[in-house]
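Okay, here's what each chain looks like letter by letter:
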Amino acid sequence: MTAVTTAPTALRQRTEIEARPAGFFADVVTVAGRALRAVPRDLESVIPPVFIALFFFLVNVGTLQRLTEHNIPNFDFRAFQMPTAILLGVTGVSRAPALVIDVQNGYFDRLLLTPVRRLAILLGHLVADVAVAAALTVPIIIVGFLLGVRFESGPLGIVVFIGIAALWSLAFSGFGYAIALKTGNPGAVNSTFLLFFPFLFLTTSYVPKSQLTGWLKVVASWNPVTYLLEGLRSLVSIGWNAGDLAKALLAVAIVGALSMSLCFAALRGRIRRG
Amino acid sequence: MNTTAIRCESVVREFGGVAAVSGVDLDVEPGEIYGFLGPNGAGKSTTVRMLCTLLAPTYGCASVAGFDVVQQPGEVRLRIGAALQEAALDPRQTGAELLQLQGRLYGLSRDAARGRVDELGDLIDLGEALDRRIGTYSGGMKRRLDLAAALIHNPQILFLDEPTTGLDPVSRAVVWEEVRRLNRDLGMTIFLTTQYLEEADALAGRVGIIDHGRIVAEGTPNDLKRAVGSDVIVARVEGDARSVGAAVERVDGVIGVEAHGNEMLVSTGDGPATIGAVAVALARCGVPIRDLTLRTPTLDDVFLELTGTRIANGTTTKEAA
């Protein structure tokens, strides 16, 4: 290492630099920008979910399309399956594992030392997650198009479809952030997949609710993802159905309210514990 | 609002009922380099985290730059910079990205932040490495980047928590020089925790010695050492040095005797004149002398006198009774 021998410019400009609060919006944008810059450097966090979603989309269509369409009149399994694939791709995708690393390596403390609003640290990550989730839906929708899926709700319906999927991703990611902030343990964050399975498989992932029987039908009718899927499917197969969309948004809101409550409580706890 | 740069009044911090800091009182004046010296686990970092608003005191109150760390943490954060014990960096960002982000969070405009990154790049001498991912940096580079991140907004008060732990001697010398320069040229108040006695001795105008969560002594390094005596005779003997402490204490010119295990520290105002008499006193007691040396006191002698332990490589070494 070379010792510094010249008088640095930094020492001559004190009066020109003055710290001040950047503002809540600016804080969120700054934190979100950092989180988004990290995504291309951390592709292993986004490629596997999309790969898995596309894999199951193609395999399920190949396996079940003839069976389901033969048994259910006027049923388009490809259109039915695409929202399932989308949710497989975006559920649980978040920067929560990266936040755990920030906690572990002390960078979270470095952020807390600045005048940044504590809430903005979390919201910045969440904003980035929404953007990433929206981007992840695109390749799945393209594959859907290639398979012949069309949106009855038109181009605006595609935008709303992506928006609802991204909001769902955000709602679910709150659980990951809650665990990340509560435990600071990457293994614990990965355990959110335990929530992933009941949410995504005890529902109408493969067949309509009318085809479910027994306990699964009961559980599915209580699972918010059932209504989320119905809302997304309505945009693909029906067009604009306000009732289905409202139920989908309400389902996202309920899960989001729960996860975000846990998440913000965990943030407060971490700040309090220091 | 008080004019003291840093003030702690009976600050206590407990974790699960166990006190990590048990009633720290201190005042640091603006423009001062204050050394906070103690072994690992003494409560240095916990005190710094409280002063930096990362941790609230369980009891007591503290203010930094005149603002209460609990009631006005936002005001405190605008005025302080901190390089904590572990370089708190994101290995996935480049050095320049990290510094620019820091600047933006302190309200600097995009251009001002960019300019500041260039200035600090010169200061910390990272050159083109600033455009590399931090994960590729050496330990010394990370330390310097961490220091730059703490300086991005030109803070009034800089907290350095063991800034040279783990650094090689050359890197350590660079950090020392930077600390001196920041204090001398910018008048920056610096609160420096360290487990290295020579670091506190070389940098700090005043030193607070903390042990088991309490400040056990405070003063300029010279004052603290003078309290031990102007010279120290160190005698290592065969057997228990305490058994002959009383005999040595009676020697003319001896101010005080501290005996721990087989080592005896004899404080005296005139070492060269006294060392012979000390050797004779030990010989008369029939205690074989392994070695006898004369030196000026160190902060370690101060620590030993106050706590009965030495600081060795950051951990306390209890002298065998």
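Just so it is clear, the structure is predicted and the values come from calculations on it, not from any experiment. Positions within a chain are numbered from 1, following the residues in the order the chain's sequence is written. Written order decides the labels, with chains lettered from A and ligands numbered from 1. Side-chain atom pairs in this predicted model are given and counted only at pLDDT of 80 or more, local residue features only at pLDDT of at least 70, and totals for whole chains, interfaces and linings cover all residues.

### Considering the overall build of chain B
Then, in step 1: Elements are defined by DSSP. Helices are runs of H or I of four residues or more, strands are runs of E of two residues or more, and each kind is numbered from the N terminus. Each helix and strand in chain B was counted, giving 11 helices and 16 strands.
Then, in step 2: Counting only C-alpha atoms, chain B reaches 75 × 40 × 35 Å along its principal axes.
Then, in step 3: Residues with at least 20 other C-beta atoms within 10 Å of their own are called buried, those with 12 or fewer are called exposed, and the rest are partly exposed. The C-beta atoms themselves are positioned from the backbone. Here chain B holds 321 residues, and 52% of them are scored as buried.
Then, in step 4: Partitioning the intrachain contacts of chain B with sequence separation of at least 6 by distance along the chain shows that 67% fall at a separation of at least 24. Any two residues are considered in contact once their C-beta atoms, placed from the backbone, lie within 7 Å.

### Things to note about the interface of chain A and chain B
Then, in step 1: Of the residues lining the interface, 34 residues belong to chain A; the matching set on chain B comes to 42 residues.
Then, in step 2: Of all the secondary-structure elements, those providing two or more residues to the side of chain A that touches chain B are α1 (24-38), α4 (96-105) and α5 (107-113) of chain A.
Then, in step 3: Polar here means any residue outside two lists: the nonpolar Ala, Val, Leu, Ile, Met, Phe, Trp, Tyr, Cys and Pro, and the charged Asp, Glu, Lys and Arg; Gly therefore counts as polar. A per-class count over the side of chain A that touches chain B returns 16 nonpolar, eight polar and 10 charged.

### Brief notes about the domain arrangement of chain B
Then, in step 1: Here the domain parsing of chain B yields domain 1 (6-220) and domain 2 (230-296).
Then, in step 2: For domain 1 of chain B versus domain 2 of chain B, the separation of C-alpha centres amounts to 41 Å. What fixes the domain bounds is an automatic or database domain assignment.

### What about the sheet that holds strand β13 (residues 263-268) of chain B?
Residue and element names in this part refer to chain B.
Then, in step 1: Strands pair, by our definition, only if DSSP identifies at least two bridges between them. The four strands lie next to each other as β12-β13-β11-β14, forming an open sheet whose pairing is antiparallel. Single-partner strands in this sheet number two, and they are β12 (254-260) and β14 (289-295). Within this sheet the neighbouring strands show an average axis-to-axis angle of 15 degrees, counted without direction.
Then, in step 2: With six bridges connecting them, strand β11 (residues 231-237) and β14 associate as antiparallel partners. Bridging from a neighbouring strand, A235 pairs with L292 of β14.
Then, in step 3: Along the sheet face, helix α11 (residues 299-307) touches β11, β12 and β13 and points at about 75 degrees away from the line of β12. Only C-alpha atoms enter the line fits that serve as axes; for helices the fit covers just the stretch in contact. Angles between N-to-C directions range over 0 to 180 degrees.

### Let's talk about the environment of P155 of chain A
Then, in step 1: Relative to the assigned elements, P155 of chain A resides in helix α7 (residues 154-183).
Then, in step 2: Separated by 72 residues in the primary sequence, P155 of chain A and P83 of chain A place their C-alpha atoms 16 Å from one another.

### Re the pairing of strand β1 (residues 6-15) of chain B
Residues and elements named next belong to chain B.
Then, in step 1: As judged from the five bridges shared by β1 and strand β4 (residues 59-64), these two strands associate in the antiparallel manner. Opposite V12, over in β4, you have Y59 as the bridge partner.
Then, in step 2: For β1 and strand β2 (residues 18-28), the ladder comprises eight bridges, and the chain directions are antiparallel. Paired with R13 across the two strands is V21, which belongs to β2.
Then, in step 3: Counting the residues in the hairpin turn of β1 and β2 gives two residues, including G16, whose phi is positive at 55 degrees.

### Brief notes about the sheet that holds β4 of chain B
Then, in step 1: Pairing within the open sheet is antiparallel, and its four strands lie in the order β2-β1-β4-β5 (chain B). The sheet is open, and its two borders are formed by β2 and β5 (67-68) of chain B, each paired with just one other strand.

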